[in-house]
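What follows is the residue order along each chain.
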Amino acid sequence: MAVDTSTEHGHDDEAMLAELGYKQELHRGMSGFSNFAVSFSIISILAGCITTYYLAMDAGGPIAISIGWPLVGLFVLCVALSMAEICSVYPTAGGLYYWAGRLARRNKRVWAWYVGWFNFLGEIAVTAAIDYGAAITWMALLNLTIGVEVTAVSTFVAFLIIIALHGLLNTFGVNLVKVLSNVSAWWHLIGVAVIVAILWLVPDQHQSLTWTFTEYKNSTGFDLAILGLPYAFLVGLLMAQYTYTGYDASAHVAEETKGAATEAPKGIVRSVWVSILAGWVLLVSVTAAIQDYDAQRATETGLPPAQIFIDAAGESLGEFMLLIAAVAQFFCGMASVTANSRMSYAFSRDNALPGSRWWSKVNPRTGTPTNSIWLCVAGSVVVALPALWSITAYAAVTSIAVIGLYIAYVVPVFLRRTHPEFRPGRWSLGRWSAPIGWIAVVWVGIIVVLFMLPAYAPGTWGDETFNYAPVAVGAVLVFATVTWFVGGRHHFLKDVPAGHDTKPAAEVLG
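Predicted model only: the values in this text are computed from it and were never measured.

Details of helix H15 (residues 260–288)
At step 1: Its 29 residues place the ends of H15 41 Å apart at the C-alpha level, agreeing with the 42 Å of an ideal helix rising 1.5 Å per residue.
At step 2: Judged by how many residues are buried, H15 sits mostly within the fold: 23 of 29 residues are covered.

This is the structure in structure tokens:
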């Protein structure tokens, strides 16, 4: 298991960052707990588990929920551990793309470029998916409490309000974000405890543990198996895999974290294992409280857990539990905008984005990259636009977010495994590094292929069940390739905005 090899508690973060090639521009005011809280808030077991619960209900049913969650969690923990070890050596806001550039033995800028674009667009997509999911939850709550009609347009308006608020909260400065992230972490933990207690103490009847852990459902239209496992069960794992995203945030706020070489890696790993445990308790409790599976799946609110809460505990307590989840999802989206903006700020100071001089500016009063915050908000709105026409489009955004982010997560891990001269930092996996790293690489390879396949039959081009994730991934690859040859190879980590670097740009990646 991972061990903290740090012996110098007073390590100079600013000097380490300067050695990596960058000046200290962002306000460094986050504690280790705050760093963890940002990643834990983005994973948000009260967001991903609630908004994509419907998918696992259709694809695999209770077994995909109760067994799928810890199964996926163990593999994700391997990815997080492997990322954390690299983060300890390179604790910069750029995170994944910077790691890839440093670890690649040849074509360093090319590796960094592709990973950066997958990370950037994956984070834009995940922010859109989180805030649109929050809008679905808030609209379900408003529908139940005051009768607001749930339509595609009203849900999108709610999404616009939510994401605008997240832009404003992040604009006010890292100190406010730090406080709200800390509150968010405790809100998630206490909120889960309250929901679990209500779901076990109030209902007169529960499903048996056998049903909760082994019942199989398949409403996907596909009746086939892959490697002996039902295809529907494998598709249902997307619920867990989507929820376990965003923990790279601990790396993106590393330049704002004290003792980043140890606290940022700890934040990555802690956010995952705490989510595995708390999320499992939550999901088993929700699934065991199901009273009428088919009716709750087809609920008019568009959110099965909302109906499960109400049928299990009554209208008032059900709405109260949904409120807990809705507030948690609001916190989740806020933290996602934080991480997204830091990554785009770092990518811009290396001159990767059009208008980099603008996006790499840091507000001298708040110590935050204000322009990048609003770039990420605008990008997420554009990505979420298709949801106005089809909820299937929202599901596609979810898949794109998972695939794009995990490609960016695993490339540095793979490069680290093929880099014999890598020297571990203050936080190391020791002799476990190689097996854990290769498990992470294989797992991501599996899920990238799996989540490009259709979730519902027939899944053919032109049908609403078609999975656009392969098209989106192909589009990112084409876009990154074209922009590399058009401008990236001339400007990325070469012709960079002045004032950010402590060494010539061409030497930043070593």
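Overview of the nonpolar core
At step 1: Counting 173 residues, the largest nonpolar core has Trp99, Tyr247 and Tyr406 as its most contacted members.
At step 2: In terms of residue count, helix H8 (residues 108–146) provides more of this core than any other element does, 19 residues in total.
At step 3: When neighbours within four sequence positions are excluded, Tyr247 is seen to be in contact with Ser39, Ile43, Val76, Val79, Ala80, Met83, Ile268, Ser271, Val272, Tyr406 and Tyr409.
At step 4: Counting five residues, the second-largest nonpolar core is a separate cluster that includes Phe36, Phe40, Ala185 and Val274.

Section: the pattern of salt bridges
At step 1: In this structure the tally under the stated criterion is seven salt bridges.
At step 2: The closest approach of N and O atoms between Arg297 and Asp58, which form a salt bridge, is 2.8 Å. Taken together, the residues span a long stretch of sequence, with Arg297 in helix H16 (residues 293–297) and Asp58 in helix H4 (residues 53–58) at a distance of 239 residues.
At step 3: For Arg297, a relative accessible area of 26% corresponds to the partly exposed category.
At step 4: Here Arg342 ties to Glu256 by a salt bridge, and the two come within 3.0 Å at their closest N and O atoms. Residue Arg342 is found in helix H18 (residues 315–349), and its partner Glu256 is found in the loop between helix H14 (249–252) and H15; the two are separated by 86 residues along the sequence. You'll find Arg342 and Glu256 in the same group, each marked buried.

Quick word on H18
At step 1: The end-to-end C-alpha distance of H18, which contains 35 residues, comes to 51 Å, matching closely the 51 Å that a straight helix rising 1.5 Å per residue would cover.
At step 2: With respect to burial, H18 is a largely interior element, 30 of its 35 residues being buried.
At step 3: Taken from the residues just after H18, Asn351 is the one with a positive phi, measuring 65°.

Calculation criteria
- Residues numbered from 1 in each chain as written.
- Predicted model: local features only at pLDDT ≥ 70, side-chain atom pairs only at ≥ 80, totals over all residues.
- Heavy atoms only, no water.
- Helix = DSSP H or I, 4+ residues; strand = E, 2+ residues; numbered from the N terminus.
- Expected span 1.5 Å × (residues − 1).
- Buried < 20%, exposed > 50% of the residue type's maximum accessible area, 1.4 Å probe, protein only.
- Core = buried A, V, L, I, M, F, W, Y, C linked by side-chain atoms within 4.5 Å.
- Contact = heavy atoms within 4.5 Å.
- Salt bridge = Lys/Arg side-chain N within 4 Å of Asp/Glu carboxyl O.

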